[in-house]
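These are the residues of each chain, in order.
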Amino acid sequence: MITALRGMKDLLENDGKLYKFIIQTCESVVKNYGYKFCETPKLEETTLFKRSVGQSSDIVGKEMYQFIDKSGNDVCLRPEGTAGVVRAFIESKFDRVGGIRKYFYYGSMFRYERPQRGRLREFHQFGVECFGEASVYEDASAILMLNEILNNLGIKTTLKINSLGDGECMPLYKDKLVKFININKENLCQDCLRRLETNPIRILDCKNDSCQNILKNAPLITDNLNQICQDEFNKLQEILRANGVEFEIDPKLVRGLDYYCKSAFEFVSAEIGSQSAVAGGGRYDKLCEYLGGKPTAAVGWAMGIERIMEILKQKEPQNSRQGIYICALNPNLIDEIYKIAQKLRKHHITEISYEAKSPNKHLNIADKRGFEIFLCLGDDEFSQNQIWYKNLNDKSEKRISIDDLWSKI
Ligand code: ATP
Ligand code: MG
């Protein structure tokens, strides 16, 4: 038997339904904030991710699905969505036109990680990117929007925020941090020893206990912000409070990706074990320039759909029934139920059985397949322009006139 690859999952039945539900919930919120749908290729030149996500990141360092295609191009399945959207933005010359553009996207991302609960090799994200707006109010809007989506989905989360400073205060902070860590570096893990050379601030979110021990008295970025960054960080907190959004300041939140500056944020859930981040994002004013475009302020986030699905599954009421099953007891009534079903399908999920079976056999099928309403036409009913109706939730049943059907369902 051919099976799906390790770390890759099918979205069938309830998973497919949940996936759609989550996307629709996200879409309906972000549209009201002016975001427009976009789609970019899942396969891009490897250089794009090396440059944008950063050589030193885990994603580029170990997790990329990279290969040489038949023409010898070095290509890579996208590990995240931002790089492709920024590439498309620059390629369309929107960076030169200026103005504000807001996009949302969703779909597969690929990371060669060790598969475990909440960690797949092909997973799905819903994400947004806003270009051309430098105001911290937009950072707040990005967070409020994500908060609204999680609320609409009924998911309880904790919001963590941080400021990563800008091109002026971040390098100064990095130097301080490196000096501090160098004194204690014999207890650093292998990954962090590498990070110390390539991207030291990533050491802050290392999951390793011995590294976290070293960091206990480390200097914090939040104590080392310049005035502009400090004022903006204060403003962000003020807007969140004014909008009733609770948050924690986490000076060690640095995000997995290397191109962030100023606001960084993450929503975590206590309901899904150790892979607890459900969404993360922040400001990335430098990325457009790194990729060869004109300097363009940008802020965005991405949400992990599978982790949201896992939380929703725990909450879901079992066996929520849906839809109508319509059947006939006699083959010459199939045309009749077909006519009725086509009318019902204008407003309701309707399944037709084309086989004439005993009423009990039909009822069994409808019950097992989780339908809510059972409609059955026999000769007797048909002669009186009626149909047998059963509600499979409360088990009530009656004969009703076919003419009344549309108003009764
Ligand atoms: P983590 O620390 O859990 O590895 P990350 O920082 O790598 O997360 P991001 O790159 O910010 O994650 O991606 C945004 C969201 O995508 C995460 O918050 C998470 O919900 C989801 N996500 C990331 N990697 C995976 C994966 N391998 N499988 C499933 N979901 C994932
Ligand atoms: Mg990761």
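Refer to the structure presented above.
What this report covers is the structure whose coordinates are included nearby. (Residues numbered from 1 in each chain as written. Chains lettered and ligands numbered in written order. Predicted model: local features only at pLDDT ≥ 70, side-chain atom pairs only at ≥ 80, totals over all residues. Heavy atoms only, no water.)

1. Here's the deal with the environment of Lys31
Heads up, the condition is: Under the DSSP-based scheme used, a helix requires at least four consecutive residues in state H or I and a strand at least two consecutive residues in state E, with every element numbered from the N terminus. Burial classes: relative accessible area under 20% of the type maximum marks a residue as buried, over 50% as exposed, and values in between as partly exposed (1.4 Å probe, protein chains only).
Here Lys31 lies in helix H1 (residues 13–31). With a relative accessible area of 48%, Lys31 lands in the partly exposed category. Separated by 66 residues in sequence, Lys31 and Val97 have C-alpha atoms that sit 23 Å apart.

2. Overview of the side chain of Thr296
The test is simple: Here a polar contact is taken to be a pair of N or O atoms separated by no more than 3.5 Å, where protein atoms must pair a possible hydrogen donor with a possible acceptor and residues adjacent in sequence count only if both atoms sit in side chains. We call two residues contacting when some pair of their heavy atoms lies within 4.5 Å.
Mapped onto the secondary structure, Thr296 falls in the loop between helix H11 (287–290) and strand E11 (298–304). One polar contact links the side chain of Thr296 to the main-chain carbonyl oxygen of Lys294, over a distance of 2.8 Å. Setting aside its immediate chain neighbours within four residues, Thr296 contacts Phe89, Asp95, Phe131, Gly132, Asp285 and Cys288.

3. Looking at the sheet that holds strand E13 (residues 350–352)
Operational definition: A pair of strands counts as paired when DSSP detects no fewer than two bridges linking them. All axes here are fitted lines through C-alpha atoms, helices being fitted over the stretch that makes contact, and every angle between N-to-C directions spans 0 to 180 degrees.
Strand order across the open sheet formed by 5 strands is E13-E12-E14-E15-E16, with mixed pairing between neighbours. Each edge of the open sheet carries a strand with a single partner, namely E13 and strand E16 (397–401). Sheet twist, expressed as the mean angle between neighbouring strand axes with direction ignored, is 25 degrees. Pairing of strand E15 (residues 386–391) with E16, which is carried by 5 bridges, proceeds in the antiparallel orientation. Across the sheet, the residue bridging to Ile387 is Ile400, located in E16. Along the sheet face, helix H14 (residues 359–368) touches strand E12 (324–328), strand E14 (373–377) and E15 and points at about 160 degrees away from the line of E12.

4. Points about the pattern of salt bridges
Quick note on the threshold: Basic side-chain nitrogens of Lys or Arg form a salt bridge, by our definition, when they fall within 4 Å of a carboxyl oxygen of Asp or Glu.
If you walk through the whole model with that rule in mind, you get 24 salt bridges. With a shortest N-O distance of 2.9 Å, Lys313 and Asp15 are connected by a salt bridge. Of this pair, Lys313 sits in helix H12 (residues 305–315) while Asp15 sits in helix H1, placing them 298 residues apart in sequence. The class of Lys313 is partly exposed, set by a relative accessible area of 34%. Residue Asp15 is classed as buried on the basis of its relative accessible area of 15%. The closest approach of N and O atoms between Asp205 and Arg202, which form a salt bridge, is 3.4 Å.

5. Concerning the side chain of Asp95
The cut-off we apply is this: Positive: Lys, Arg. Negative: Asp, Glu. His and the chain ends are not part of the count.
With respect to the helices, strands and loops of the structure, Asp95 is situated in helix H5 (residues 94–97). Despite its burial, Asp95 pairs with no opposite charge, the nearest such side chain being Arg96 at 4.7 Å. At 2.8 Å, the side chain of Asp95 and the backbone nitrogen of Lys294 are in polar contact. Setting aside its immediate chain neighbours within four residues, Asp95 contacts Phe89, Ile90, Cys288, Gly293, Lys294 and Thr296.

6. Description of the packing of aromatic side chains
Threshold: Any two rings among Phe, Tyr and Trp, with Trp reduced to its six-membered ring, count as a pair given centres within 6.5 Å; such a pair is stacked if its planes are under 30 degrees apart, edge-to-face if over 60, and tilted if neither.
Evaluation of the coordinates by the stated rule reveals 14 aromatic pairs. The interplanar angle of 10 degrees and the centroid separation of 6.1 Å between the aromatic rings of Tyr325 and Phe374 together place this pair among those described as stacked. Highlighted residues: Tyr325 in strand E12 and Phe374 in strand E14, separated in sequence by 49 residues. Look at Phe374 and you get buried, because its relative accessible area is 3%. Feature note: the residues Phe37, Phe104, Tyr106, Phe126 and Trp301 constitute an aromatic cluster, connected by ring pairs.

7. As for the state of the cysteines
The condition is simple: Working definition: a disulfide is two cysteine sulfur atoms within 2.5 Å of each other.
Tallied over the entire structure, the rule returns 0 disulfides. With no disulfide of its own, Cys38 lies 13 Å from the sulfur of Cys130, the closest cysteine sulfur. Here Cys38 falls in the buried class, since its relative accessible area comes to 14%. With no disulfide of its own, Cys288 lies 12 Å from the sulfur of Cys130, the closest cysteine sulfur. The exposure class assigned to Cys288 is buried, which follows from its relative accessible area of 3%.

8. What to know about the nonpolar core
Put simply, the test is: Among the buried residues, those of types Ala, Val, Leu, Ile, Met, Phe, Trp, Tyr and Cys that are joined through side-chain atoms within 4.5 Å form a nonpolar core.
Core analysis: the biggest nonpolar cluster contains 95 residues, and Ile22, Val30, Phe126, Trp301, Met303 and Ile308 have the highest contact counts within it. Here this core takes 9 residues from helix H6 (residues 136–152), the largest share from any one element. With residues up to four places along the chain from it excluded, the contact list for Trp301 reads Val30, Tyr105, Phe126, Gly127, Val128, Ala142, Met145, Leu146, Ile149, Phe265, Gly280 and Gly281. Ile324, Tyr389, Ile402 and Leu405 belong to the second-largest nonpolar core, a separate cluster that totals 18 residues.

9. Here we look at the pairing of E11
Across the 7 residues that make up E11, a large majority, 7, are buried. Both faces of E11 are covered, namely the face carrying Ala298, Gly300, Ala302 and Gly304 and the face carrying Val299, Trp301 and Met303. With 7 bridges joining them, strand E6 (residues 122–131) and E11 adopt antiparallel strand pairing. Note on E11: the bridge partner recorded for Gly127 is Ala302. Pairing geometry for strand E10 (residues 277–283) and E11, over 5 bridges, is antiparallel. Paired with Arg283 across the strands is Val299, a residue of E11.

10. Points about the packing of H6 against helix H10 (residues 227–242)
Keep this limit in mind: Oblique is the label for any angle not under 35 degrees, not over 145, and not in the 65 to 115 range, which are roughly parallel, roughly antiparallel and roughly perpendicular in turn. With the far helix as reference, a near helix turned anticlockwise by less than a right angle produces a left-handed crossing, and one turned clockwise produces a right-handed crossing. Note on residue classes: Ala, Val, Leu, Ile, Met, Phe, Trp, Tyr, Cys and Pro are nonpolar, Asp, Glu, Lys and Arg are charged, and everything else, Gly too, is polar.
Where H6 contacts H10, the two axes come as close as 9 Å, and the packing angle between them is 40 degrees. Put simply, H6 runs oblique to H10. Where H6 crosses over H10, the handedness of that crossing is right-handed. Contact residues: Val136, Tyr137, Asp139, Ala140, Ile143 and Leu144 in H6; Glu232, Lys235, Leu236, Ile239 and Leu240 in H10. Within the contact of H6 with H10, the residues separate by chemical class into 8 nonpolar, no polar and 3 charged.

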